[in-house]
Amino acid sequence: MTGFVGLICGLRAESDVASKAAHAARLKIAVSGANAAQAEVLAARLCAEGAAAIVSFGVSGGLAPHLKPGDLLIGKSVKTASGETFGCDPFHAAALGAGAVLFGSDNMVATAAEKARLYRETGAVAVDMESHGAARAARDAGIPFIAIRAIADPADRALPKSALGSIAPDGSMRAFSTLLKCVTAPGDFPALLQLGWDNEAALETLGRDLDRLLGALFVGLDL
C-alpha cells in the first residue's frame, strides 16, 4: 500500500471501529494490547513500511474533572513519567482541533487518587497506554504523529479491581476471567457495567468522528 496512515490501537474493539471507517482503505491498523513498548515496535514497523503519519487512536481514562465519557480529544502533546514530552504535529493537529495534553503511562491508572495526582502534577487531561510508544517511533522516523482519543472512565471513577489485567496481549478482552474474578468480588459488577457503558460511549464517539478527522488529515498530508 502506498500513501497510507499508520493507526495504533490498544484494543481490538478500537481497531474494529477504525476498520469500518470509509477511509479505512488508506489505513494500516496495528493493535498493541495496551502496551507502550509494543505500540512503539508496531509504529516503527509502519514507519519503515512508508507511513505518511502515525495516529494513536482509542479510548482514554479521564484525568481532568470536567471530562465525561464520550468526550473527544485531539492531542497537542504526550507526557510521560520519565519527563519526556512528545509533541503532536502542530500543523495537522491544529487542523483537527488539537489542544489536549495527554499522559502516556506504562501501567494502568486505576484509582481516582492517582488520576487526580497526574492531573495536578502534569497538567495532562487524559491517560492512555499507547500514545507515548507510538509518538516515540514517529519522532525517531521523522514523520507526523497525531493522537485521537475519547474518554471512557472519568477522573472521579476508579477502575474495578476485577477489570485489572483484563486486556490480553492481542488487544482482546479476557471477559470470562474478568467475570470469574467478580464471583469473589460481586461488588465489582455495577462498576464493571458502568465501565462497559462508558467504553461504549467512547467507541461511539470515535466511530462517529473518525471519517471527518481522517478526511482532514489526508488533505493535510496530500494523500
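Residues numbered from 1 in each chain as written. Predicted model: local features only at pLDDT ≥ 70, side-chain atom pairs only at ≥ 80, totals over all residues. Heavy atoms only, no water.

Before going further, it helps to examine the nonpolar core. In terms of nonpolar packing, the biggest core is built from 55 residues, with I8, I54, F57, F145 and I148 touching the most fellow members. In terms of residue count, helix α7 (residues 188–221) provides more of this core than any other element does, 9 residues in total. F57 has contacts with L7, I8, C9, G10, E14, V17, A18, I148, R149, L206 and L210, leaving out every residue within four places of it along the chain. By size, the runner-up hydrophobic cluster in this structure holds 7 residues, among which are L63, F103, V109 and A124. (Core = buried A, V, L, I, M, F, W, Y, C linked by side-chain atoms within 4.5 Å. Buried < 20%, exposed > 50% of the residue type's maximum accessible area, 1.4 Å probe, protein only. Helix = DSSP H or I, 4+ residues; strand = E, 2+ residues; numbered from the N terminus. Contact = heavy atoms within 4.5 Å.)

The subject of this paragraph is the layout of surface pockets. The computed volume of the second largest pocket comes to approximately 270 Å³. Considering the residues around the second largest pocket, the lining is formed by 20 residues, among which T80, A81, S82, F103 and G104 are closest to the centre. Elements represented by at least two residues in the lining of the second largest pocket include exactly α2 (36–48), β4 (72–80), β6 (100–104), α4 (112–122) and α5 (131–141). With 4 residues, the top contributor of residues to the lining of the second largest pocket is α4. Tallied by class, residues from the lining of the second largest pocket come to 6 nonpolar, 7 polar and 7 charged. (1 Å grid on protein atoms, 1.4 Å probe; cavity = no way out; pocket = protein on both sides within 12 Å on 5 of 7 lines; lining within 4 Å. Points joined across faces, edges and corners; volume = space filled by probe spheres on them. Nonpolar A, V, L, I, M, F, W, Y, C, P; charged D, E, K, R; others polar.)

On to the side chain of S15. Tracing the chain through its elements places S15 in helix α1 (residues 12–19). Leaving out residues up to four positions away in the same chain, S15 has contacts with C9, I29 and V31.

Looking at the secondary structure, you find A95 in helix α3 (residues 90–96). Owing to a relative accessible area of 51%, A95 belongs among the exposed residues under this scheme. As a C-alpha pair, A95 and V219 span 124 residues in sequence and 9.8 Å in three-dimensional space.

Attention now goes to the pattern of salt bridges. For the structure on display, the rule yields 13 salt bridges. Among the salt bridges present, the one from K28 reaches E49, with a minimum N-O distance of 3.1 Å. With K28 in strand β2 (residues 27–31) and E49 in the loop between α2 and β3 (54–62), this residue pair connects regions lying 21 residues apart in the sequence. One salt bridge in this structure joins K68 and D71, with 3.2 Å as the shortest N-O distance. On the basis of relative accessibility, which here comes to 51%, the residue K68 falls in the exposed class. The structure contains a network of salt bridges with shared partners spanning E40, E84 and R136. (Salt bridge = Lys/Arg side-chain N within 4 Å of Asp/Glu carboxyl O.)

This brings us to the pairing of β6. β6 sits mainly inside the fold: 5 of its 5 residues count as buried. Burial along β6 is two-sided: the residues A100, L102 and G104 and V101 and F103 are all buried. As paired strands, β4 and β6 are joined by 5 bridges and run parallel to one another. Across the sheet, residue S77 finds its bridge partner in β6, namely V101. Where β6 meets strand β7 (residues 126–128), 3 bridges bridge the pair, whose relative direction is parallel. Considered in β7, the bridge of L102 is made with A126. Crossover handedness for the path β6 to α4 to β7: right-handed. (Pairing = 2+ DSSP bridges. Right-handed = clockwise from strand over helix to strand, strands pointing away.)

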